[in-house]
Amino acid sequence: MTDAAIPSYRRSARTDFRMWLLLAFGAIFFWAGSVIDPEKNCSDGGRECAPWLVPLAQAFGALVGLGAALNMLANPNRGSFVDPATGDLVWWQGRIGKEGGDEGRIHPSRIATIRITRQDESEDMVSLYDLEGERLFFFDAEVIAWPYERWAERMAARWPHIRVEVTE
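The following refers to the structure shown. (Residues numbered from 1 in each chain as written. Predicted model: local features only at pLDDT ≥ 70, side-chain atom pairs only at ≥ 80, totals over all residues. Heavy atoms only, no water.)

1. Brief notes about the pairing of strand E4 (residues 102-106)
Test applied: Pairing between strands requires that DSSP locate at least two bridges from one strand to the other. The way it works is that DSSP assigns letters per residue, a run of H or I at least four long becomes a helix, a run of E at least two long becomes a strand, and they are numbered from the N terminus.
Pairing analysis gives five bridges linking strand E3 (residues 89-95) to E4, with the strands arranged antiparallel. Considered in E4, the bridge of Leu 89 is made with Ile 106.

2. Here's the deal with the packing of aromatic side chains
Ring pairs (aromatic) are described by centroid distance and by the angle formed between their planes. As a reminder, the rule being used: For Phe, Tyr and Trp, where Trp contributes only its six-membered ring, two rings pair if their centres lie within 6.5 Å, and the inter-plane angle classes them as stacked under 30 degrees, edge-to-face over 60, or tilted in between. Note on exposure labels: buried denotes an accessible area under 20% of the residue type's maximum, exposed denotes more than 50%, and partly exposed covers the range between, all computed with a 1.4 Å probe on protein chains only.
With the rule as written, the count across this model stands at seven aromatic pairs. Ring geometry for Phe 25 versus Phe 29: centroids 4.7 Å apart, planes at 40°, classification tilted. Separated by four residues within a single helix, Phe 25 and Phe 29 lie in helix H1 (residues 17-35), roughly one turn from each other. Residue class for Phe 29 comes out partly exposed when judged on its relative accessible area of 31%. Plain terms: the ring middles of Trp 91 and Phe 139 are 5.2 Å apart, the flat faces sit at 85° to each other, and that makes the pair edge-to-face. In this pair, Trp 91 is assigned in strand E3 and Phe 139 in the loop between strand E6 (125-130) and helix H3 (148-158), connecting sequence segments 48 residues apart.

3. So, the sheet that holds strand E5 (residues 111-117)
Rules: In this analysis, axes come from line fits to C-alpha atoms, helices being fitted only over the stretch in contact, and the angle between any two N-to-C directions falls in the range 0 to 180 degrees.
Here we have three strands laid out as an open sheet, ordered E6-E5-E7, and mixed in their pairing. The open sheet has two edge strands with one neighbour each: E6 and strand E7 (163-167). The average undirected angle you get between the axes of adjacent strands in this sheet is 15°. By the bridge criterion, five bridges tie E5 to E7 in an arrangement that is parallel.

4. Digging into helix H2 (residues 53-74)
As a reminder of what qualifies: Helices are assigned an expected span. That span is 1.5 Å times one less than the residue count. Contacts were defined at the residue level, with two residues in contact if any of their heavy atoms lie within 4.5 Å.
With 22 residues, H2 extends 31 Å from end C-alpha to end C-alpha; this agrees with the ideal 32 Å at 1.5 Å per step. Tucked into the core, H2 has its buried residues touching H1. Following H2 by one or two positions, Asn 75 has its phi on the positive side, about 55°.

5. Here's the deal with the packing of H1 against H2
Short version of the rule: In this scheme, roughly parallel covers angles under 35 degrees and roughly antiparallel covers those over 145, while 65 to 115 is roughly perpendicular and the rest are oblique. Left-handed describes a crossing whose near helix is turned anticlockwise from the far helix by less than a right angle; the clockwise case is right-handed. Note on residue classes: Ala, Val, Leu, Ile, Met, Phe, Trp, Tyr, Cys and Pro are nonpolar, Asp, Glu, Lys and Arg are charged, and everything else, Gly too, is polar.
Here H1 crosses H2 at 150°, and the two axes come no closer than 7 Å. With respect to H2, the axis of H1 lies roughly antiparallel. The crossing of H1 and H2 is left-handed. Taken together, the residues of H2 that come into contact with H1 (itself represented by Met 19, Trp 20, Leu 22, Leu 23, Phe 25, Gly 26, Phe 29, Phe 30, Gly 33 and Ser 34) are Val 54, Ala 57, Gln 58, Phe 60, Gly 61, Ala 62, Val 64, Gly 65, Ala 68, Ala 69, Asn 71 and Met 72. Per-class residue counts for the contact of H1 with H2 are 15 nonpolar, seven polar and no charged.

Here it is as structure tokens:
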């Protein structure tokens, strides 16, 4: 049970669409490397020929697919919640099972700023700063639900001293 205003968030490798995309990408490259004959992978005139690319693509596909499958097998998870016993905001990344991984904890009364930095060609960056202006480790966009602004606004509504900064 957590603070209803700040919903808990948990995501694992098995529920992350990026892992499934990597697995599919690796499988497609491995399959393509298996069905294409390297000797026939040349232009009609025979001038452009790189038979070494086919086994390289197959090995690349196997490596990517195996990496995604092993990550899904280990199933590391990440997330955050407000601890009902202490009122602390708790977050973690790379946790396998119930223990381990990178984690952090802070009481919301010690949070000064939540900064969301918009980036053009990649995912937005989210940072949490304490009252001394120090950025808190292991807290980023991976541990909260999207849209990040909604989560930050809920935190600021519950604890009005928290500033929310959105930069472009």
